[in-house]
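Report on the structure
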Amino acid sequence: MLKMNDDLEGALKEYLELMEQEAYFEAHEVMEEAWHPLRLSNHPLKNLAKGLINAAITFEHIKRNKKNAGVKAVKVIASYERYKHLCTDDIEHAVLFKQAQHKIEALKQKHPEIFDVLVP
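These numbers were taken from a predicted model, which means no experiment stands behind them.

**Considering the nonpolar core**
Counting residues in each nonpolar core, the largest one holds 37 residues, and the members touching the most others are Tyr15, Met19, Met31, Phe59, Phe97 and Ile104. Among the secondary structure elements, those contributing two or more residues to this core are helix 1 (8-20), helix 2 (24-40), helix 3 (46-64), helix 6 (94-109) and helix 7 (112-115). With residues up to four places along the chain from it excluded, the contact list for Phe59 reads Met19, Tyr24, Ile77, Ile104, Leu107, Lys108, His111 and Phe115.

**Regarding the environment of Lys72**
Tracing the chain through its elements places Lys72 in helix 4 (residues 69-76). Residue Lys72 is classed as partly exposed on the basis of its relative accessible area, which comes to 39%. Considering only alpha carbons, one finds Lys72 and Lys84, 12 residues apart in sequence, at a separation of 19 Å. Apart from residues no more than four positions distant in its own chain, Lys72 is found in contact with His61 and Lys67.

**Thoughts on helix 3**
Side chains of residues three or four places apart in an α-helix project in the same direction, reflecting 3.6 residues per turn. In a regular helix each residue adds 1.5 Å, so 19 residues correspond to 27 Å; helix 3 covers 27 Å between its end C-alpha atoms and thus fits that length. Phi for Asn65, located one or two positions after helix 3, is positive at around 50 degrees.

**Looking at the pattern of salt bridges**
Going through the model one piece at a time under the given rule, you end up with eight salt bridges. We note a salt bridge from Glu20 to Lys103, for which the minimum N-O separation is 3.3 Å. Of this pair, Glu20 sits in helix 1 while Lys103 sits in helix 6, and the two are 83 residues apart along the sequence. In this structure, the salt-bridge partner of Lys84 is Glu81, at a minimum N-O distance of 2.9 Å. Sharing partners across several salt bridges, the network here consists of Glu81, Lys84, Glu105 and Lys108.

**Re the side chain of His111**
Positionally, His111 belongs in the loop between helix 6 and helix 7. Sequence-distant contacts of His111, defined by excluding residues within four places in its chain, comprise Phe59 and Ile62.

**Some points on the packing of aromatic side chains**
Here the structure, examined in full by the defined rule, presents two aromatic pairs. Positioned above the aromatic ring of Trp35, the side-chain terminus of Lys50 is 4.5 Å from the ring centre.

**A word on the packing of helix 1 against helix 2**
Contact geometry of helix 1 with helix 2 gives a least axis separation of 8 Å together with a crossing angle of 165 degrees. Classified by the interaxial angle, the pair formed by helix 1 and helix 2 is roughly antiparallel. Between helix 1 and helix 2 the crossing geometry is left-handed. Contact residues: Leu8, Ala11, Leu12, Glu14, Tyr15, Leu18 and Met19 in helix 1; Tyr24, Glu26, Ala27, Val30, Met31, Ala34 and Leu38 in helix 2. Residue classes in the contact of helix 1 with helix 2 are distributed as 12 nonpolar, no polar and two charged.

What counts as what
- Residues numbered from 1 in each chain as written.
- Predicted model: local features only at pLDDT ≥ 70, side-chain atom pairs only at ≥ 80, totals over all residues.
- Heavy atoms only, no water.
- Core = buried A, V, L, I, M, F, W, Y, C linked by side-chain atoms within 4.5 Å.
- Buried < 20%, exposed > 50% of the residue type's maximum accessible area, 1.4 Å probe, protein only.
- Helix = DSSP H or I, 4+ residues; strand = E, 2+ residues; numbered from the N terminus.
- Contact = heavy atoms within 4.5 Å.
- Expected span 1.5 Å × (residues − 1).
- Salt bridge = Lys/Arg side-chain N within 4 Å of Asp/Glu carboxyl O.
- Phe/Tyr/Trp six-rings, centres within 6.5 Å; stacked < 30°, edge-to-face > 60°.
- Lys NZ or Arg CZ within 6 Å of the ring centre and 35° of its normal.
- Axes fitted to C-alpha atoms, helices over the stretch in contact; angles between N-to-C directions.
- Parallel < 35°, antiparallel > 145°, perpendicular 65-115°, else oblique.
- Left-handed = near helix turned anticlockwise from the far one by under 90°.
- Nonpolar A, V, L, I, M, F, W, Y, C, P; charged D, E, K, R; others polar.

Pasting the structure below:
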């Protein structure tokens with residue numbers, strides 16, 4: 001059963017596990033639960049966390065393969081793309097954020113038909 005976690009470190013760890021299991025919607029839910037307190041307190045990592053939330057939803061759109069899934073995925077991942085530069089060595093939980101970023105980049109490379117303009 002999914003446990004909701006408003007602790008950022010715990011949420012990041014659970015997010016990574018869920019992303020690895022391709023449970024993208026659940027990963028989104030876990031991060032969103034942790035994001036709410038960040039947003040309310042105007043925490044400096046709120047936008048980076050929001051980017052991870054949207055990245056997870058991006059891959060849920062692709063997984064469901066619904067009509068216009070690729071178009072939706074490109075629109076939703078824009079938040080991740082806008083804030084991924086905030087993932088630096090000097091932020092809180094840098095290792096976990098970097099692991100999440102690596103996972104997202106690897107998933108983008110698995111779908112060049114959608115992310116061809118975004119994949120280096």
